[in-house]
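# Breakdown of the fold
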Amino acid sequence: MKSKTLRLSLMAAVVASCFVLSGCISHWFEDSTTRLQIENRTGADIIEIDIVSEDERTVRPWIQDTIKDSSVSRVYEEDWVGDFKGRILYLDPQVEKGWFDISLSGGSLYLVFTRNPDGTLHFESR
(Lines give C-alpha, C1' and ligand atoms only; values in the text may rest on other atoms or scores of the structure.)
Protein backbone atom coordinates (compact mmCIF):
# COMPACT_ATOMS: atom_id res chain seq x y z
CA MET A 1 0.00 0.00 0.00
CA LYS A 2 2.82 2.37 0.89
CA SER A 3 4.51 1.53 -2.41
CA LYS A 4 1.42 2.54 -4.41
CA THR A 5 1.02 5.78 -2.47
CA LEU A 6 4.71 6.58 -2.88
CA ARG A 7 4.56 5.95 -6.64
CA LEU A 8 1.41 8.04 -6.99
CA SER A 9 2.96 10.89 -4.99
CA LEU A 10 6.15 10.70 -7.03
CA MET A 11 4.19 10.76 -10.28
CA ALA A 12 2.11 13.74 -9.10
CA ALA A 13 5.31 15.60 -8.17
CA VAL A 14 6.84 14.88 -11.61
CA VAL A 15 3.69 16.06 -13.43
CA ALA A 16 3.47 19.22 -11.28
CA SER A 17 7.14 19.95 -11.93
CA CYS A 18 6.61 19.60 -15.68
CA PHE A 19 3.74 22.10 -15.60
CA VAL A 20 5.74 24.60 -13.54
CA LEU A 21 8.82 24.29 -15.73
CA SER A 22 6.89 24.51 -18.99
CA GLY A 23 5.35 27.80 -17.82
CA CYS A 24 8.74 29.21 -16.85
CA ILE A 25 10.43 28.05 -20.04
CA SER A 26 7.70 29.45 -22.30
CA HIS A 27 8.12 32.82 -20.57
CA TRP A 28 11.75 32.88 -21.75
CA PHE A 29 10.61 32.72 -25.37
CA GLU A 30 7.51 34.90 -25.21
CA ASP A 31 7.11 37.87 -22.89
CA SER A 32 3.50 38.33 -21.81
CA THR A 33 3.62 42.13 -21.53
CA THR A 34 4.87 45.16 -23.40
CA ARG A 35 6.73 47.80 -21.40
CA LEU A 36 7.37 51.15 -23.05
CA GLN A 37 9.41 54.16 -21.96
CA ILE A 38 9.85 57.21 -24.20
CA GLU A 39 12.54 59.86 -24.33
CA ASN A 40 11.28 62.96 -26.12
CA ARG A 41 13.86 65.06 -28.02
CA THR A 42 11.52 66.39 -30.71
CA GLY A 43 11.10 70.03 -29.74
CA ALA A 44 7.36 69.27 -29.28
CA ASP A 45 5.27 67.74 -26.51
CA ILE A 46 3.98 64.19 -27.06
CA ILE A 47 0.43 64.18 -25.73
CA GLU A 48 -0.91 60.70 -26.50
CA ILE A 49 0.12 57.24 -27.69
CA ASP A 50 -2.55 54.93 -29.11
CA ILE A 51 -2.66 51.33 -30.33
CA VAL A 52 -4.25 50.92 -33.76
CA SER A 53 -5.89 47.79 -35.18
CA GLU A 54 -4.54 46.16 -38.34
CA ASP A 55 -7.35 47.62 -40.46
CA GLU A 56 -6.76 51.01 -38.77
CA ARG A 57 -10.45 51.33 -37.85
CA THR A 58 -10.09 50.79 -34.11
CA VAL A 59 -7.91 53.02 -31.96
CA ARG A 60 -7.31 52.20 -28.30
CA PRO A 61 -5.69 54.94 -26.20
CA TRP A 62 -2.69 53.62 -24.26
CA ILE A 63 -0.67 56.52 -22.85
CA GLN A 64 -2.54 59.74 -22.22
CA ASP A 65 0.17 61.58 -20.27
CA THR A 66 2.02 64.54 -21.75
CA ILE A 67 5.69 63.80 -22.31
CA LYS A 68 7.35 67.20 -22.42
CA ASP A 69 10.18 67.97 -24.81
CA SER A 70 13.60 66.96 -23.39
CA SER A 71 12.08 64.59 -20.82
CA VAL A 72 11.70 60.85 -20.25
CA SER A 73 8.36 59.23 -19.52
CA ARG A 74 7.64 56.74 -16.79
CA VAL A 75 7.42 53.06 -17.84
CA TYR A 76 4.02 52.04 -19.18
CA GLU A 77 3.00 48.38 -19.21
CA GLU A 78 0.24 46.55 -21.04
CA ASP A 79 -0.57 42.88 -21.72
CA TRP A 80 0.27 42.71 -25.43
CA VAL A 81 2.43 40.14 -27.18
CA GLY A 82 3.55 40.27 -30.79
CA ASP A 83 3.54 43.07 -33.32
CA PHE A 84 1.20 46.01 -33.10
CA LYS A 85 0.88 49.44 -34.61
CA GLY A 86 0.99 52.62 -32.57
CA ARG A 87 0.23 56.25 -33.21
CA ILE A 88 1.78 59.20 -31.44
CA LEU A 89 -0.06 62.50 -31.20
CA TYR A 90 2.21 65.45 -30.57
CA LEU A 91 1.84 69.21 -30.24
CA ASP A 92 4.27 71.15 -32.35
CA PRO A 93 4.90 74.90 -32.11
CA GLN A 94 4.97 75.08 -35.92
CA VAL A 95 2.22 72.53 -36.64
CA GLU A 96 -0.80 72.21 -34.36
CA LYS A 97 -1.02 68.39 -34.25
CA GLY A 98 0.69 65.55 -36.05
CA TRP A 99 0.47 61.77 -36.17
CA PHE A 100 3.45 59.47 -36.39
CA ASP A 101 2.91 55.75 -37.06
CA ILE A 102 5.18 53.12 -35.49
CA SER A 103 5.33 49.34 -35.57
CA LEU A 104 6.67 47.66 -32.42
CA SER A 105 7.03 44.18 -30.94
CA GLY A 106 6.28 43.07 -27.39
CA GLY A 107 8.83 43.13 -24.57
CA SER A 108 10.70 46.04 -22.99
CA LEU A 109 11.13 49.03 -25.26
CA TYR A 110 12.98 52.31 -24.74
CA LEU A 111 12.31 54.67 -27.64
CA VAL A 112 14.09 57.97 -28.27
CA PHE A 113 12.14 60.34 -30.52
CA THR A 114 13.99 63.08 -32.42
CA ARG A 115 13.20 65.36 -35.34
CA ASN A 116 14.79 65.03 -38.79
CA PRO A 117 16.07 68.16 -40.60
CA ASP A 118 12.93 68.10 -42.78
CA GLY A 119 10.73 68.30 -39.65
CA THR A 120 9.50 64.70 -39.61
CA LEU A 121 9.79 62.59 -36.46
CA HIS A 122 12.26 59.75 -36.13
CA PHE A 123 12.76 57.19 -33.37
CA GLU A 124 15.50 54.82 -32.28
CA SER A 125 15.15 51.86 -29.98
CA ARG A 126 17.67 51.44 -27.18
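What comes next concerns the included structure.

Basis of the calculations
Residues numbered from 1 in each chain as written. Predicted model: local features only at pLDDT ≥ 70, side-chain atom pairs only at ≥ 80, totals over all residues. Heavy atoms only, no water. Helix = DSSP H or I, 4+ residues; strand = E, 2+ residues; numbered from the N terminus. Buried < 20%, exposed > 50% of the residue type's maximum accessible area, 1.4 Å probe, protein only. Contact = heavy atoms within 4.5 Å. Areas by Shrake-Rupley, 256 points an atom, 1.4 Å probe, with all protein chains shown as cover. Salt bridge = Lys/Arg side-chain N within 4 Å of Asp/Glu carboxyl O. Pairing = 2+ DSSP bridges. Phe/Tyr/Trp six-rings, centres within 6.5 Å; stacked < 30°, edge-to-face > 60°.

## A word on the overall build of the protein chain
Helix and strand counts for the protein chain come out as one helix and nine strands. Counted from the first residue to the last, the protein chain has its helices and strands arranged as α-β-β-β-β-β-β-β-β-β. For the protein chain, with 126 residues in total, the buried portion stands at 29%. Counted over contacts in the protein chain with a minimum sequence separation of 6, partners at least 24 positions apart contribute 54%. When the accessible area of the protein chain is evaluated, it comes to approximately 8600 Å², of which 56% is carbon and sulfur surface.

## A word on unusual backbone geometry
Positive phi, close to 60°, is recorded for Glu56, a residue that is not glycine. Topologically, Glu56 is positioned in the loop between strand 2 (45–52) and strand 3 (59–63). Since its relative accessible area comes to 47%, Glu56 is described here as partly exposed. You will see that Ser70, though not glycine, has its phi angle at about 65°, which is positive. When you line up the elements, Ser70 lands in the loop between strand 3 and strand 4 (71–72).

## Section: the pattern of salt bridges
A side chain with one charge can pair with a side chain of the opposite charge if their charged atoms come near. Under the criterion given, the structure shown has five salt bridges. A salt bridge links Glu56 to Lys85; the shortest N-O distance between them is 2.4 Å. Of the two residues, Glu56 sits in the loop between strand 2 and strand 3 while Lys85 sits in strand 6 (residues 83–91), which places them 29 residues apart along the sequence. With a relative accessible area of 25%, Lys85 lands in the partly exposed category. One salt bridge in this structure joins Arg74 and Asp65, with 3.7 Å as the shortest N-O distance. A relative accessible area of 52% places Arg74 in the exposed class. Given a relative accessible area of 33%, Asp65 falls into the partly exposed group.

## Quick look at the pairing of strand 3
Relative to strand 3, strand 2 runs antiparallel, the two being bridged by four bridges. Looking at strand 3, one finds that Asp50 is bridged to Pro61.

## Describing the packing of aromatic side chains
Scanning the entire structure with this criterion turns up one aromatic pair. Arranged with centres 5.4 Å apart and planes meeting at 35°, the rings of Phe113 and Phe123 form a pair that is tilted. Placement of Phe113 in strand 8 (residues 107–115) and of Phe123 in strand 9 (residues 121–125) is noted, with a sequence separation of ten residues between them. We classify Phe113 as buried; its relative accessible area is 0%.

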